Amino acid sequence: MTSSTVTNTGEISLHQKVLGSRRLSNYSWATIVTLGASGFSLASISSYLKVNLLIVTDATELIFVPQGLVMGIYGIAGMLLALYLWLVILWDVGGGYNEFNQETGKFKIFRWGFPGKDRQIAIESSIRDIQSVRISIKEGLNPQRALYLKVKGRRDIPLTRVGQPLSLSELETQGAQLARFLGVPLEGL
C-alpha cells in the first residue's frame, strides 16, 4: 500500500509493492555523506603528506596534529556511515509487498530486513482473520501516517512504508480500497 504501484487483477487478488530504502532521499544522503567523508579524509592525508589532494582549498597548510588528525577521524566516521547507508540501499531494507488473494483466502505481508538469520520477514494468514483496516495519523514535529491491518490474535500489522509519511488523501484512498477489497471496516477516520 505504500507504493504508487497498486494493482488489482480482476478483484481476485490485490498486490501492493512497498518501497523500502531505495528512495531518492536515501541515495541523496548516501552521496552527500560519501562526498563529505572523502573531503575530510583527503584533507587529513594532504596535511600529513604536505601534498594538496583537494581541488577547492589547500589543505597542506593544516597542522597534522591536531587538525589533520581530527579531520581523518571525521573522514573515517563519515566513511563508515556512508558504507552503512549504501549497504541499506543495496539490501533494500524495508522493501517488499502486501498480497491479498481472495481465491486462496490468504494474505501475505513480506519485507526485506538486514542480512542474517531472519533476512526475510513474512507474515501469512487467512483473510477471514482480518478484523479491519486502521488508519493511524499523528501530526506534529514528527508526523506519522500509516495503515495497519487488525488481525485476530496478532498485533496490528503495518502496511505502509517507513520514512516519509503518505499524504492524507493517498492514505485514505489506499485504506478505503483495501477495506473495500477485503470487505472489512475502515477505522480511524
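To be clear, the structure that these remarks concern was listed above.
Calculation notes
- Residues numbered from 1 in each chain as written.
- Predicted model: local features only at pLDDT ≥ 70, side-chain atom pairs only at ≥ 80, totals over all residues.
- Heavy atoms only, no water.
- Helix = DSSP H or I, 4+ residues; strand = E, 2+ residues; numbered from the N terminus.
- Expected span 1.5 Å × (residues − 1).
- Buried < 20%, exposed > 50% of the residue type's maximum accessible area, 1.4 Å probe, protein only.
- Contact = heavy atoms within 4.5 Å.
- Salt bridge = Lys/Arg side-chain N within 4 Å of Asp/Glu carboxyl O.

Participant: Could you give an account of helix α2 (residues 64–91), with specific residues and numbers?
Facilitator: When the terminal C-alpha atoms of α2 are compared, their 38 Å separation across 28 residues agrees well with the 40 Å that a helix rising 1.5 Å per residue should span. Among the residues of α2, those classed as buried are G68, G72, G75, G78, A82, V88 and I89. Buried-residue contacts for α2 involve α1 (24–49). Positive backbone phi, approximately 50°, marks D92, located one or two places after α2.

Participant: Give me the lowdown on the pattern of salt bridges, citing residues and values where you can.
Facilitator: Applying the stated criterion across every chain, the model contains three salt bridges. Here R134 makes a salt bridge to D156, at a shortest N to O gap of 2.9 Å. One end of the pair, R134, is in strand β6 (residues 130–138); the other, D156, is in the loop between β7 (144–151) and β8 (157–158), and 22 residues separate them in sequence. Take R134: its relative accessible area is 24%, and that puts it in the partly exposed class. We note a salt bridge from E187 to K150, for which the minimum N-O separation is 3.6 Å. With E187 in strand β9 (residues 186–187) and K150 in strand β7, the pair connects residues that are 37 residues apart, well separated along the chain. According to the relative accessible area criterion, K150 is partly exposed, its value standing at 25%.

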